[in-house]
Each structure stands twice: as C-alpha cells, then as structure tokens.
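Results of the structural survey
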Amino acid sequence: MAEADVKVLFMPSGRRGFFPRGTPLLDAARSLGVDIDSVCGGRGLCGRCQISCVTGSFAKHQIESDVDHLSPFSATEAKFVERKGPLKDGRRLSCHTTLLDDAVIDVPAESQVHRQIVRKEMEARDIRLDIATRLYYVQIGEPSLEDPRGEVQFLFEALEREWGVTDVTLADSQLPALQAALTREDRGITVAVYQEHLITGIWPGLFDQPRGIAIDVGSTTVAAHLCDLNSGEVLASAGVMNPQIRYGEDLMSRVSYVMMHPEGAELLTNAIREAVNDLFVELSDQASGRVEDILEIALVANPIMHHILLGINPVNLGTAPFALTTSAAIDTRATEMGLKAHPEARLYCLPCIAGHVGADAAGVILAEAPDRSEAMTLVVDVGTNAEIVLANNQRLLVCSSPTGPAFEGAQISSGQRATIGAIERVRIDRDTLEPRFKCIGSDLWSDEPGFSDAMAGTGVTGICGSGIIEVVAEMYLAGILSTDGVVDGALAERTQRIKADGRTFSYVLHASSDPEISDVLVTQNDVRQIQLAKAALYAGIRLLMDEMGVTTVDRIRLAGAFGSHISVSHAMVLGLIPDCDLEQVTSAGNAAGAGARMALLDRNARLEIAATIARAERIETAVAGDFQAHFVGAMGLPHQSDPFPNLFAVVAPPEAKMVESGDAPKRRRRRSSRADA
Ligand code: FES
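Residues numbered from 1 in each chain as written. Predicted model: local features only at pLDDT ≥ 70, side-chain atom pairs only at ≥ 80, totals over all residues.

**Topic: the overall build of the chain**
Within the chain, the regular secondary structure consists of 17 helices and 31 strands. Its C-alpha atoms give the chain principal-axis dimensions of roughly 100 × 65 × 55 Å. Split into buried and exposed, the 677 residues of the chain put 48% on the buried side. Nonlocal contacts in the chain, meaning residues at least 24 apart in sequence, comprise 67% of its contacts between residues at least 6 apart. (Helix = DSSP H or I, 4+ residues; strand = E, 2+ residues; numbered from the N terminus. Buried ≥ 20, exposed ≤ 12 C-beta atoms within 10 Å, placed from the backbone. Contact = placed C-beta atoms within 7 Å.)

Now the structure itself:
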C-alpha cells in the first residue's frame, strides 16, 4: 500500500482493498473480483455498472465513508442522464467515478452479473442469473489500405482487446448484419456471444434489450413467459390452448391420428409451431418489444409434445417400449424448429427422462431440487400420466403411472374441464349429508345468499378435477362411501341425495331446477374411476418408496395446475398421496415452467439438470412385479392397509363401514400402450 492509497470496501460482497487515489471504481471492483455488470466496456453508455456510496463510520473496517470521497458527477454521467433519464437517488456510474478517499460502496442487485432472482410464491428455489448469451459493446478499428483484413477479423480483435473474449466464430447469417452495423461514424457495435464461442447477433451502437422466453408446451395449454435477459424479470406472460386439440383431445388420440394419417405428424408439428410463434408475437407486443429481440428460448414439454414440436414423428412413444428418439437436451437454432425470433436465437430443450417422463418432469426436478435436500421428498405432477419423483440428496427415483384422464373430469358422468360453472370445492355435512359447494367464477358457497344470482349466467355445469377429489373424499368422510368405495344405498332412507341407479346408487350433488338440465351426480361408476386413477398414482408412489426402502416421506410437493388447485387434505383422505405431516404437503405451482425459466436464465442450471438426469433411476411401472399388489391395496379409501396417522390426527375419520357392492371394480390393465394411460 502506497501512502496516497485509499481504502474501498464493496458491499454486499465484503471485498476490500487499497488503490491509488483517482482509480475508477469499476477498475477497483474488477481487480477485487467484485461482480459488476457492463455491456459498454466502461464507456458510460449502458448504465449497467451503477453503484452508490454509503455514508457513515465503519469502525470495524476503519473507514469514514462519504459521497465527497468520490469524484464529482462527470460529464459522461451527465450525458448518460440526458439520454436515459435520471439515475436513482445517489447512484453513480462506477466506470466514470473515481476514488478520492476511503469509501464503502454498495453494488445493488441489478448491477451484479450473477445476481439472485428472488423466487415467486410457490417456487422452491431462487434463480441465479447467468445468461448463456452475453452482450458486448466494441469499437472496431478503421479499415485501411495498409491492413487488408476483413471486418470480421477486426471484430474478433476488438473483442479480445476490450473484453478478453477469444476463440469466437461468427454465425454466417450475421455477416450482412455486421456490414450494415458498421455504418456509424464511431464504428461502435453490440454483439451477442452465445456460450463464449458463437456470435449470434450484431446491432449498430448499443443494444441492451435482450429478451428470452421460457415455454411449457402442454397437451392442453401452452404457457410462456417473456423475460428481460438483463434482469431476469418476467416482462409478460401468456398462454394459449394447444391447437392440436382439433386432432385429438388427449395425447394418445393425437398419436393415433398420426398413425392413421400420413401427413398427420407434419400437421401437428405445424399447428404447435404456429401457436408458439403467435405466442411470441403476443408476448413481445405486451412488452412493447420485437420478436427479433428474443435471443434465447428454453422449453419444457412432455415427451410427445417435445417430439412433435421438434418435428420428430411421435408414433414410437405410443406403444411399448415408448422409445424416445433422443433423451438428451437439445441446443439448436430456434429457426431450425420453425420458431420465429431473432434469426440466430438459441433454443434449449431440457432433457427427457424416459418415454413417459419428459422434459417437463426434468423442469420440475430442476425447479424443486428434491435431490438437494436431506428430506425424503415426493414430487407428483398429476396428469393423464402422472410423473412421480422421490428423492433426497442420496438418490433420485422417477416413474410415471397411468392415472388416466379421470382427474381432468373425463370418464366422470358430470365431469368437465376447469372452466366457469364447474364445481371446484365441496363440503358435505356429516349429519344431514347435505352438500355445499363453490363453482369456478364465484367466491360464494352454494348455501350463501346471492349464489343463485351469481351463477345465473352460466349455471352449475359439472365438476372439475379438484371438485371430484373433494366430493369423493367428503362422501367418504360423511359415511356415504364405504372403505371399498361403495355408495351406501341404505342411506336413501335418510336423504333424497342418495338415488338408486340400477343396481348401484348415486349421490346428488346439485339438483337442477330446470327439467332440461340434468342434475350433477356422483355415480358409483364415477367413484370407481377415481379409485382406479388414484390407485394407479398411489401404486406408482409406493413402488418408488419400496425401491428407496422407506415407508414414509418427509414432504410432498404437488406440481402442475391440478396440484395448485386441489385441497391437500382431501387428496390425502382419498389416498391419492401417502400419509405425511399435512404442513409438509404443498403446491409447487407450475414447477415445470419454473424449471424452464431457470434453464433460460442460468446456463449452469442446464449442466445441473443434465447431471441430475444422468443419475436418476427410472422405475418402469409396466414391468414392476409389485405394481398390481400396490394397486389393489390402494383401491381402498384412503387405503386398504396403509395407516394414515398424520391425516387422522387432524381430520376426524368416519366410522369403518363395509357395504355390499352392486358393482365389481375392474382392475386397471397393465400398460402396454398409451391408450391404457
Ligand atoms: S460500464 Fe456501461 S455505463 Fe459504466
């Protein structure tokens, strides 16, 4: 340390050092390894290097810090303010501020390259920002007769000189862009460099609006977030129905369509690509941007959607052994897959895990990180094919189970999708057996004043997935269903809600006042369908628990739209999930989409998920010997033999009851094709 040196402490990193008076703050920060962002290379153009001086006495570090200990506001900063508007209170551009005396410097989160993005509600992990594509502003040397090299070579030289970036190549499509960008007098351009080796974009002057999209392509809906690649912030979100529905309601019917129509695969691919492209335009419009500013796309999807979007015929995924064409992550140009963004935008698809367990499950694992916790964690994503993960920091097991579409309202007499008018919440009085319920589109319970008026427009139209879970669970708790799931016909003497229906009985959840409109009933067959679906899910879970050598789990995360809406306690009463401390059973929201956002914003997350998937142990329920035994036990409510001590410590169990069955539950066939799923 020379006599004239001054002391500087950077917060929150705590790094400190001594520097000669007059040292630019950005240089001091860099030499200490403090993470401060910059696109313009210290030219006072980008505003990414902002800091503020903390005033006060820092006895521990023997620093008296004051704003006067920094150089006065510079002409470059004044120019920046003129162009971009005022800086936040007390902020300075560290590239044009020098140290005059000891100072404590705060580097705000938005000026850090590798900052944490605070997670959204329901998301398990913060995201660390480390974008695969980085922007660099450079000034290219003037061409001359003495130096006949091309502009590309001047560009490479400038990147190395100004940023230490070496060994890059330029995407051929960007050659015209380079020439066009060099028309400015100062020959200043911004380049996008992907993974430190490929120049994917060139803009004249300073370009600082890079955008990225995280997209979750589901069989019913496609949801996407447009993110600012500078800050990681979500700028716009939108969703559309998957237009492939016109070729088949569920995955298998779409695969069947492809099998029966030679042009089917192409039609389905075109349909989804068109929808995705429209979504990109919609998101860009919402954020007042351009689709050409989208430089990165990260995608999750189930295996069939994944293959179709990539232009791969999905027929092999329709029958055993459900062979994936590739299970590896895909890293390619988005245009190769017909997606319209920046011409060199990169598309990253998370890896698939198995023929039934797709990149969406990889997204869930990435977002939830059950493999990073000591707690034995069960993650369940319920769909027509449930994806199940059981993990702790020692092992990660994955399987899928053919639950079928009952949880989505299909195969249920009054079942429907979760739209306005659908019953989504149900309570049944234990004494009177009278129900009350709530419908999507109104906050009122059916026994509250105003309910009829609120529902006058749509009427009560049916029951959606969460409503089905609740009504069957409530019927069991009220003693309407036996442990075997039989509707107790003897109760018809007590209430008109129990109606004979051939040899079995139904429960009238909602009696319609209009003779043209049927009542909303829960039939014996509906209960059977739910039993079959929940038994398949529970059996898959138990297979993983057996393999793991555990009889209980520490926590359960319910992923997906279904998981966000169902009542945890009702799901457990039904025996959809194993017994667990109810406080430890929570919704993971759209965890697959959260995983896509992580992969979009943090390139290390891509390495992490590849490594995690490589060590995942896949359990195939179709060939597992114990599946059928677990399935039969799981037909009971909540289970024929497994105890539920945590559940029944907080929920009063019904009296055990056996009722003679008017039907015989059929066992679900083993899966040999997705048609069974
Ligand atoms: S580094 Fe760009 S303004 Fe300071």
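**Focus on the nonpolar core**
Formed by 178 residues in total, the largest nonpolar core has its most connected members in Ile 297, Ala 362 and Val 472. For this core, the element with the most residues is helix H11 (residues 524-548), which contributes 13 residues. Residues Phe 19, Ala 29, Cys 95 and Val 104 belong to the second largest nonpolar core, which totals 24 residues. (Core = buried A, V, L, I, M, F, W, Y, C linked by C-beta atoms within 7 Å.)

**Focus on the sheet that holds strand E13 (residues 198-204)**
Across the sheet, which stays open at both edges, the 4 strands sit in the order E10-E12-E13-E11 with mixed pairing between neighbours. With partners counted over all chains shown, the strands left at the sheet margins are strand E10 (133-139) and strand E11 (169-170), one partner each. With 6 bridges connecting them, strand E12 (residues 188-194) and E13 associate as antiparallel partners. When the sheet's bridge partners are listed, Tyr 194 is paired in E13 with Leu 198. Against the sheet, helix H3 (residues 151-163) contacts E10 and E11, and its axis sits at roughly 100° relative to E10. (Pairing = 2+ DSSP bridges. Axes fitted to C-alpha atoms, helices over the stretch in contact; angles between N-to-C directions.)

**Section: the pairing of strand E14 (residues 211-217)**
With respect to burial, E14 is a largely interior element, 7 of its 7 residues being buried. Of the two faces of E14, both are covered, the one formed by Arg 211, Ile 213, Ile 215 and Val 217 as well as the one formed by Gly 212, Ala 214 and Asp 216. Looking at chain direction, E14 and strand E15 (residues 221-228) are connected through 7 bridges and run antiparallel. Counterpart to Ala 214 in the pairing with E15 is His 225. In sequence, E14 turns back onto E15 through a hairpin of 3 residues.

**Looking at the pairing of E15**
As judged from the 7 bridges shared by E15 and strand E16 (residues 234-241), these two strands associate in the antiparallel manner. Its bridge partner being in E16, Ala 224 is matched across the sheet by Ala 238. Here E15 folds back onto E16, and the loop between the two strands holds 5 residues, one of which, Gly 232, carries a positive phi near 85°.

**A closer look at the sheet that holds strand E20 (residues 377-381)**
Spatially, E30-E29-E20-E21-E22-E31 is the arrangement adopted by the 6 strands of the open sheet, whose pairing is mixed. Both edges of this open sheet fall to strand E30 (585-589) and strand E31 (617-618), since each of them pairs with a single strand only. Across 6 bridges, strand E21 (residues 386-391) lies against strand E22 (residues 396-401) in antiparallel orientation. In the sheet register, Leu 390 faces E22, and the bridge partner there is Leu 397. Against the sheet, H11 makes contact with E20, E21 and E22, and its axis sits at roughly 155° relative to E22, the strand it touches most.

**Remarks on unusual backbone geometry**
A cis amide bond, omega 5°, links Met 11 with the succeeding residue Pro 12. Its location among the elements puts Pro 12 in the loop between strand E1 (5-11) and strand E2 (16-20). Of note, the bond from Leu 637 into Pro 638 is cis; its omega dihedral lies within 30 degrees of zero at -20°. Considering the arrangement of structural elements, one finds Pro 638 in the loop between helix H16 (627-633) and helix H17 (645-650). If you check the backbone angles, Leu 433 has positive phi at about 65° while not being a glycine. Its place among the elements puts Leu 433 in the loop between strand E23 (422-428) and strand E24 (435-439). The exposure class of Leu 433 is partly exposed, given the 19 C-beta atoms found within 10 Å.

**A look at the packing of helix H5 (residues 251-260) against helix H6 (residues 264-286)**
With their axes 7 Å apart at the nearest point, H5 and H6 run at an angle of 135° to one another. In terms of orientation, H5 lies oblique with respect to H6. Here H5 contributes Arg 254, Tyr 257, Val 258 and Met 260 to the contact with H6, which in turn contributes Gly 264, Ala 265 and Leu 268. Class assignment for the residues of the contact of H5 with H6 results in 5 nonpolar, 1 polar and 1 charged. (Parallel < 35°, antiparallel > 145°, perpendicular 65-115°, else oblique. Nonpolar A, V, L, I, M, F, W, Y, C, P; charged D, E, K, R; others polar.)

**As for the domain arrangement of the chain**
Looking at the assigned domains, one finds that the chain contains domain 1 (5-111), domain 2 (132-204), domain 3 (213-355), domain 4 (363-405 + 529-650) and domain 5 (414-522). Summarising the inter-unit geometry, the C-alpha centres of domain 1 and domain 5 are found 65 Å apart. (Domains from an automatic or database assignment.)

**Re the packing of helix H8 (residues 359-368) against helix H15 (residues 603-615)**
Contact geometry for H8 and H15: axes closest at 10 Å, N-to-C directions at 110°. Taken together, H8 and H15 sit at an angle that is classed as roughly perpendicular. The handedness of the crossing between H8 and H15 is right-handed. Taking contact as the criterion, the partners of Ala 362, Ile 365 and Leu 366 in H8 are, on H15, Ala 605, Glu 608, Ile 609, Thr 612 and Ile 613. Of the residues in the contact of H8 with H15, the class split is 6 nonpolar, 1 polar and 1 charged. (Left-handed = near helix turned anticlockwise from the far one by under 90°.)

**A few points about the environment of Phe 505**
Note that Phe 505 resides in strand E27 (residues 504-510). According to the C-beta neighbour criterion, Phe 505 is buried, with 22 such atoms within 10 Å. Setting aside residues no more than four positions away along its own chain, Phe 505 makes contact with Val 487, Gly 489, Ala 492, Ile 498, Lys 499, Ala 500 and Gln 524.

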